[in-house]
Amino acid sequence: MRFRRRDWHSHPPLIYADYKSTALRGPTRPLVPLPQSLSETNGPVFGAEALGPEDADLTKNGRKDGEPLGERIIVTGRVLDEDERPQRDLLIEIWQANAAGRYVHKADQHDAPLDPNFFGGGRCVTDAQGRYRFTTIKPGAYPWGNHDNAWRPPHIHLSLFGPSLATRLVTQMYFPGDPLLALDPIFQATPEGARGRLVSAFDLDTTEAGFALGYRFDIVLRGRLETPMDSSR
Amino acid sequence: MTRGQTPSQTVGPFFAYGLTPEQYGYAFRSLAGADLRDPAVTGREIVIEGQVLDGAGAPIPDAMIEIWQADPEGRYAAPRDRGNRGFTGFGRCGTGSAEEGRFYFKTYKPGAVDDRQAPHISLVVFMRGLLSHVYTRLYFADETEANARDPLLTSLEPARRETLIAEPSGPSAYRFDIHMQGERETVFFDV
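Residues numbered from 1 in each chain as written. Chains lettered and ligands numbered in written order. Predicted model: local features only at pLDDT ≥ 70, side-chain atom pairs only at ≥ 80, totals over all residues. Heavy atoms only, no water.

(A) Spatial organisation of the pattern of salt bridges. In this structure the tally under the stated criterion is 30 salt bridges over all chains. In this structure, the salt-bridge partner of glutamate 84 of chain A is arginine 3 of chain B, at a minimum N-O distance of 3.2 Å. Separated into two different chains, glutamate 84 of chain A in the loop between β3 (72–81) and β4 (91–96) and arginine 3 of chain B in the segment before α1 (16–19) make up a pair that spans both. A residue is classified by how much of its surface remains accessible, and glutamate 84 of chain A, at 38% relative accessible area, is partly exposed. Residue arginine 3 of chain B is classed as partly exposed on the basis of its relative accessible area, which comes to 26%. Shared partners join several salt bridges into a network, and the residues in it are Arg4, Asp81, Glu82, Asp83 and Arg85 of chain A. (Salt bridge = Lys/Arg side-chain N within 4 Å of Asp/Glu carboxyl O. Helix = DSSP H or I, 4+ residues; strand = E, 2+ residues; numbered from the N terminus. Buried < 20%, exposed > 50% of the residue type's maximum accessible area, 1.4 Å probe, protein only.)

Encoded structure:
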């Protein structure tokens, strides 16, 4: 089984002038097409047995002496491929800032408080329908040094493997109606027609009464490349 | 094809506590680290070390490298291969915990995975300032004959081919630097 290539009408370019640190870090030469072999069509597999019991609940997995501060949210959706095949039993890892817009990471110098009861890292494995679900705290916006008065819109980082090394994806999920999206060079680097796929949708059905707002976010990985031999399936 | 691919976004500068927590001293269990060795495996132990360098030649201290490789007998730990005995073949290392942005992996030299390709390790490279991850491959300088027959290596110009060859840097160590740009820009693949 082979996989479709990255659709560069969907993914941001490797150098994008408004996102300044791409200038010295993005490769300048064209990517060389690599015929997919076992090395690319296979990939690491992580099952539910690799995870801890509270890995998917970020409101619990960093507690020291109380509940984390901020707005509780539920983030859920399906992992699919381009042909809407559910991507089951696959690992999703997430990390994010706390409600004040501060990361636990030692290099984050933003002058906003850490929350002793919030860590910000989590993970889960999709179910048989490709569904995943996290309970967490809505992350805050934070300033960064890209340009004068630059602010990152609240976002959650996500990392997925999918069924192969070829389907690897690291992305960010944003929140609907955020005025910072129009000003954010990382979001804006994404081709216009694909940007909407990075924005979650508020969902009343996912919202739990008296507890947490719900957001839906589906993730679409590269689909299978049908060859004449397996087109009958 | 009915759904468009979810766009990639940069891993950003603060991935470490989520993806490589133990390496950076965070109290969260790592699912994969830089030491891939497993007591069930017999084979030649090697160390791979290197730096990721930007277009000005400066080491990048906030990149993450992932490696994916076969075991010493050329088998991947994956459902669609023949299967091996417990060696995951997958490792992760951030460039922010050692001096000068160095990364290293402790692993085994992989065997050839098929009759055509020389022994190699797949690498996936992520960093702040890189909006979509890039793929490359590491080949071994001491596999002269296999490298000379490898269809991918032989398809590249010699100067570009060199960017994929890890040179011995000790009795069981190989050096592999990743140049994001410049004259020695590493060959990156569209997989």
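(B) Layout of the sheet that holds strand β9 (residues 155–160) of chain A. Residues and elements named next belong to chain A. Pairing in this open sheet of 4 strands is antiparallel, and the strands run β5-β4-β9-β10 from one edge to the other. Each edge of the open sheet is held by one strand with a lone partner, namely β5 (121–125) and β10 (169–174). Averaged over all adjacent pairs, the angle separating strand axes in this sheet is 25 degrees, with direction ignored. Relative to β10, β9 is paired through 6 bridges, and the arrangement is antiparallel. Bridge pairing in β10 places leucine 158 opposite threonine 171. (Pairing = 2+ DSSP bridges. Axes fitted to C-alpha atoms, helices over the stretch in contact; angles between N-to-C directions.)

(C) Molecular detail of the side chain of glutamate 66 of chain B. With respect to the helices and strands, the residue glutamate 66 of chain B is situated in strand β2 (residues 63–68). Side-chain polar atoms of glutamate 66 of chain B contact the side chain of arginine 168 of chain A, separated by 2.7 Å. Engagement of the side chain of glutamate 66 of chain B in a polar contact is seen with the side chain of arginine 92 of chain B, the distance being 2.8 Å. (Polar contact = N/O pair within 3.5 Å; in protein donor to acceptor, adjacent residues only side chain to side chain.)

(D) Up close: the nonpolar core. Core analysis: the biggest nonpolar cluster contains 49 residues, and Trp95 of chain A together with Phe15 and Phe189 of chain B have the highest contact counts within it. Among the elements of the structure, β4 of chain A together with α1, β2, β5 (120–127), β6 (134–140) and α3 (151–154) of chain B are those that each provide at least two residues to this core. The element that contributes the greatest number of residues to this core is α1 of chain B, accounting for 3 residues. Here phenylalanine 189 of chain B is in contact with Arg6, Leu31, Val32 and Leu34 of chain A together with Tyr135, Thr136, Arg137, Leu152 and Leu164 of chain B, once residues within four sequence places are set aside. In this structure, Ile65, Ile67, Phe105 and Met127 of chain B belong to the second largest nonpolar core, which totals 31 residues. (Core = buried A, V, L, I, M, F, W, Y, C linked by side-chain atoms within 4.5 Å. Contact = heavy atoms within 4.5 Å.)

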